[in-house]
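# Tertiary structure, described
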Amino acid sequence: MMRLAPQAGERIDRARPLTFAFDGRRVEGFAGDTIVSALYASGRRVLSRSFKYHRPRGELCGCGQCANSLFTVDGRPGVRGCGEPAREGMVVEHQNAWPSLERDVMRIADRVGGALLPVGFYYKTFIRPRRLWPVYEKVLRHAAGLGRLPKRQAEREWRTEYRRRHCDLLVVGGGLAGLTAAIEAAERGADVVLCDEDAEPGGWALVDGRHDEARALAARARELGVEVLTRAPALGWFDGLVPVWQGDTLHQVRAPRHVLATGALQQPLVFPGNDLPGVMLSSGARRLAALYAVAPGRRAVVATVDDAGLQDALALRLAGIEVVAIADLRPDAGGGGPAAYVEAAGIPLLRGATIVRASGRDRVQHVTLAPVGPDGRATGAAEDFACDLLAVSGGLQPSLSLLLQAGGRAAYDPQSACFAVAEVPAGMAVAGALAGEGAGAPVATPPACATDGRRGGKAFVDLDEDVTVKDVEHAVAEGYDSLELSKRYTTVTMGPSQGRFSQIPSARVVARATGLDLETVGLTTARPPWTTVPLGALAGRPLEAAKRSPLDARHRDLGATGRWAGDWRRAYDYGDPEGEALAVQSDAGVIDVSTLGKLLVRGPDAGELLDRLYPNRMSTLKPGRIRYGVMTSEAGRIVDDGTVCRLDDETFYVTTTTGGATAVEQTIGWWQATWNLDARVTDLTQGVAAMNLAGPRAREILSGLTDLDCSNEALGYLNARHATIAGVPALILRIGFVGEVGYELHCPAAQAGPLWDALVAAGARPFGLEPQRVLRLQKLHVIVGQDTDSETTPVNAGLGALVKLDKEQDFVGRWALEHAAEQAPDAVLVGFTTPGGELPTEGAVVLHEGVAAGQVTSARRSPKLERTIGLAWVPAELAQEDAALSISDAGRTIAATVTTRPFYDPDGEVLRS
Amino acid sequence: MSFLLTCPNCGPREVTDFGFGGEVTSRPAERPSRRELNAYVYFRDNVAGVQREWWQHRSGCRQWFLAERDTRTNVVAWTARPDEAPAAGGDRSA
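An account of the accompanying structure is given in this report. Just so we're clear, the structure is a prediction, and the values are computed from it rather than from any experiment. (Residues numbered from 1 in each chain as written. Chains lettered and ligands numbered in written order. Predicted model: local features only at pLDDT ≥ 70, side-chain atom pairs only at ≥ 80, totals over all residues. Heavy atoms only, no water.)

## Points about the overall build of chain B
- When its secondary structure is counted, chain B shows one helix and six strands.
- Going residue by residue from the N terminus, the α and β elements of chain B occur as β-β-β-α-β-β-β.
- For chain B, the spread of C-alpha atoms along the three principal axes comes to 40 × 25 × 25 Å.
- Each of the 94 residues in chain B was classed as buried or not, and the buried ones make up 43%.
- The long-range fraction of contacts in chain B, counting pairs at least 24 apart against all pairs at least 6 apart in sequence, stands at 49%.
- Here chain B contributes 13 positively and 12 negatively charged side chains, and the mean placements of these two sets differ by 7 Å. (Helix = DSSP H or I, 4+ residues; strand = E, 2+ residues; numbered from the N terminus. Buried < 20%, exposed > 50% of the residue type's maximum accessible area, 1.4 Å probe, protein only. Contact = heavy atoms within 4.5 Å. Lys, Arg positive; Asp, Glu negative; His and termini not counted. Charge placed at Lys NZ, Arg CZ, Asp CG, Glu CD.)

Spelled out as structure tokens, the structure:
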């Protein structure tokens, strides 16, 4: 056990032990532990295998920032073990190693890797021969990536929520500076949100002994009503909106003012062996000891360039860990208090020296400390130490990401050997370590890579992506000599920790290789998200609900084949599409058309508005009359079709296609606003149900259910009446939907069930969408979107009669249609039959003189007509009755004959009877 | 992209509540030539700067309104119903 004696301010609750499974083995811990602290307490050091070379890796940062301890937790990959709290019964598994974390066969990549896997290896190797790429891809896909998603969809799904939060002030970072800012603002009455990545606010103060102060401030903030979000990283800056990710919730926080107190992250040092398990940031080692009472090692060596490393060394010693030596790169070791304390404590302090090599088998066992020159090479006597922990401190890099995204600026600061805030955008303030507060004596600039000069041992600038110093040097040598280019070539800084521990180290290597200074080399662009976030958390909950007709349950009870059509669930048939179609033509049928768009256009100018929107006249409609209309765009292209019924002088009832309701409502509303006409459009689609009763016996059925006179004289074709049917108030539209005598009955959605039941009980056979398509195709009715596309005008779709270019009123699309009318269309939509009875696939090609000249858009077999019927686009010269067509369909050629008139009831005698 | 827009009926809301209707274009008053028609239907100025544009309060009252927005910064100078908008060029009235 590596658990220390109780530490003041520790976060674990020793009264509440817990256990969880790691790779099938039982791990014990306490409430308050993270996965990593519990694993460390149990003595485990190897936590993961690296991305490319499969090298063993241990903990680095101890605070949820590094990618060294990514696990799959309860099936969710990519969880950061040093931030994720341990929970009773959780199942934790390693990633990127096979068959086990201890024995990983891909480790071979590391043994041979130096020579065989140089930077750019993949780009250069797997492009030849081209035809083998699919094979390469399969293998590489398997080797690439970290973690696996659960195979079954249900296990990948989880509920997430968006939450919009508007406040006066957002404080990012809950250290002492952030807490103080939040409290001050809240005391002045501001509505404040504070977010922090850790499980509790307090930041570094929780570690460095000021835990009581931090916890008192957090309590005070909550008391003042500050909304404190924990385990909640701010992901980025989007024009003032800051998404804060907290578990299943994405808080979209918008505030006019922001305080950034994002703190600073200690940087690693670069030397051969710097990725061995047991090499940690000194702050991470100290955090493990202070918060979780875990000994990160028994014998520690500390290498530092600043006071922070010395302080961490003292704290480790105080926690009961033997510190055998400290190397401080500064010749005077800062010259201040910390160095004096170190000496007083009797810890050997090597001034002007640093770590030049770490070695050991799968964990650090020996380290070499030596004085180095500016190029990083050892210049003096080296000293070897045996240890099991090497704590490094490479300077504190303020976390600038959010500030830079918001338009702030950073500049290199030689005093801290890091980039510091240079310019803060308006409405924003920086505080705490981000603002450079708490910095001790000036730091020594670490060399790009410190080395004892001996061969062997990889020195990494990026642990996430397994990028070594040599890789970056090769990239520069190959001409990728700017930081942005070498980043793209080597993938340095592109791993899960977003470059927070590799930007500065790789920039130093580029600076050394190019001879430029760090200010010139600069930083790569800071992009959101700050931390890796599951796509599910960003996706949120879909806002558009799938839509079901109020009759949906009845369709299911009737055994309907249900399918999605756009947003709507629709009944395609009830098991016998042919029988259903025949029933409509010989007897009576009823179809649920509640999915049609239903709009009310009302106002003194409603008629004029519709006149300007449809190519035909609508204002001349008399109340109680119906007209078919096709809506066009300004380009003269068909956008939707439907019926327009005038209910009274100022009210029109407009139906649209199933998918078109929203777009048509938007279009009508937009033109209304544009022209400022006194009319309003209201979408009634989901409040009103509709069903179409059709067939020779439709009139008889309807008459039996209502007092209204339904005779052809009283309720003729294209007339509308309000009536009570089977006790349900309804609007009856007599229209020619499927070619038989038909009545479209619109009623309140809540009363659709009883009306449907009454129609079915009276003998109307339910029919679905598939028989409807056959019936409508017999009449050559065009389906907008199926038979038309974005190039189709009413004229070439055979709907020219609906375009009234002689109408005095201007209308949308008029000019385009006028221009189009001046020349004959190239292609037109016509009906066809196949004498041989073959049924071409929709989309099959129409051939003319041996070349593709059109396509089949609809084709069905009509059970009534006992032949194949369809619609196809053909060259204009073929648009004549009985013209011969040749259709090429998946290798076969089908002979077809053009029909320009409806296949059934071409003169509409049945319809009007 | 994220900013607030003020619906003339409902007040300030997240931009995701709204549908974008594009920049305000000028509908020809007289029958245009083919070329003019093409320009009117398909071409937009796509300015990097302040432009007058259409928005609809899609997830709210469904009102169409005008806004003047800087496309570079997403700073919205004003929003107004078309009949209450400050006069400017680029009126779409027919």
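## A short note on helix 20 (residues 661-675) of chain A
Residue and element names in this part refer to chain A.
- A rise of 1.5 Å per residue sets the reference length of helix 20, with its 15 residues, at 21 Å; its end C-alpha atoms lie 21 Å apart and thus fit the reference within 8%.
- For helix 20, the tally of buried residues reaches 12 of 15 residues, placing the bulk of the element in the interior.
- In the segment just after helix 20, Asn676 is the residue with positive phi, at about 55°. (Expected span 1.5 Å × (residues − 1).)

## Quick look at a nonpolar patch on the surface
- There is a patch of nonpolar side chains on the surface, built from A:Trp98, A:Val105 and A:Met106 and spanning about 330 Å² of accessible area.
- Within the secondary structure, A:Met106 sits in the loop between strand 7 (91-93) and helix 2 (108-116). (Patch = residues over 30% accessible without salt bridge, like charges linked within 9 Å, V, L, I, M, F, W, Y side chains within 5 Å. Areas by Shrake-Rupley, 256 points an atom, 1.4 Å probe, with all protein chains shown as cover. Salt bridge = Lys/Arg side-chain N within 4 Å of Asp/Glu carboxyl O.)

## Concerning the side chain of B:Gln63
All names here are of chain B.
- Its location among the elements puts Gln63 in the loop between strand 4 (50-56) and strand 5 (64-70).
- Residue classification places Gln63 among the buried positions, given a relative accessible area of 14%.
- One polar contact links Gln63 to Asn9, side chain to side chain, over a distance of 3.5 Å.
- Those residues in contact with Gln63 that sit more than four places away from it in its chain are Asn9, Trp55, Gln56, His57, Arg81 and Pro82. (Polar contact = N/O pair within 3.5 Å; in protein donor to acceptor, adjacent residues only side chain to side chain.)

## Notes on the sheet that holds strand 5 (residues 70-73) of chain A
Residues and elements named next belong to chain A.
- Within the open sheet, the five strands sit side by side as 2-1-7-5-6. Their pairing is mixed. Looking at the sheet topology across the chains shown, the edges are occupied by strand 2 (25-31) and strand 6 (76-80). The mean inter-strand angle of the sheet, taken between neighbouring strand axes irrespective of direction, is 40°.
- Relative to strand 7, strand 1 (residues 13-22) is paired through two bridges, and the arrangement is parallel. The residue bridging Phe22 from the neighbouring strand is Val92, located in strand 7. (Pairing = 2+ DSSP bridges. Axes fitted to C-alpha atoms, helices over the stretch in contact; angles between N-to-C directions.)

## What about helix 24 (residues 814-821) of chain A?
- Counting buried positions along helix 24 of chain A yields six of eight residues, so the element is predominantly enclosed.
- Listed as buried for helix 24 of chain A are A:Arg814, A:Trp815, A:Ala816, A:Leu817, A:Glu818 and A:His819.

## Some words on the interface of chain B and chain A
- Contacts between the two partners involve 30 residues from chain B, matched on the other side by 32 residues from chain A.
- Here chain B meets chain A over a buried area of about 2600 Å², counting both sides, of which 49% is carbon and sulfur.
- When residues of chain B are sorted by the area they lose upon contact with chain A, B:Arg27, B:Arg31 and B:Arg34 head the list and together hold 25% of the total.
- At the boundary of chain B with chain A, the tally comes to seven salt bridges.
- A salt bridge links B:Arg31 to A:Glu818; its shortest N-O distance comes to 3.4 Å. (Buried area = accessible area lost by both parts, 1.4 Å probe.)

## Re the environment of A:Ile35
Residues and elements named next belong to chain A.
- Mapped onto the elements, Ile35 comes out in helix 1 (residues 35-41).
- It is 9.7 Å that separates the C-alpha atoms of Ile35 and Val73, two residues lying 38 residues apart in sequence.
- Leaving out residues up to four positions away in the same chain, Ile35 has contacts with Phe20, Phe71, Val73, Gly81, Glu84, Pro85, Ala86, Met90 and Val92.

## Things to note about the pairing of strand 48 (residues 884-889) of chain A
All names here are of chain A.
- Of the two faces of strand 48, the one holding Leu885, Ile887 and Asp889 is buried and the one holding Ala884, Ser886 and Ser888 is not buried anywhere.
- Across three bridges, strand 45 (residues 845-848) lies against strand 48 in antiparallel orientation. Within the sheet, the bridge partner assigned to Leu847 lies in strand 48 and is Ser886.
- Relative to strand 49 (residues 892-899), strand 48 runs antiparallel, the two being bridged by six bridges. Within strand 49, the residue paired with Leu885 across the bridge is Ala896.
- Hairpin remark: strand 48 followed by strand 49, antiparallel, with two residues in the connecting loop; positive phi at Ala890, about 50°.

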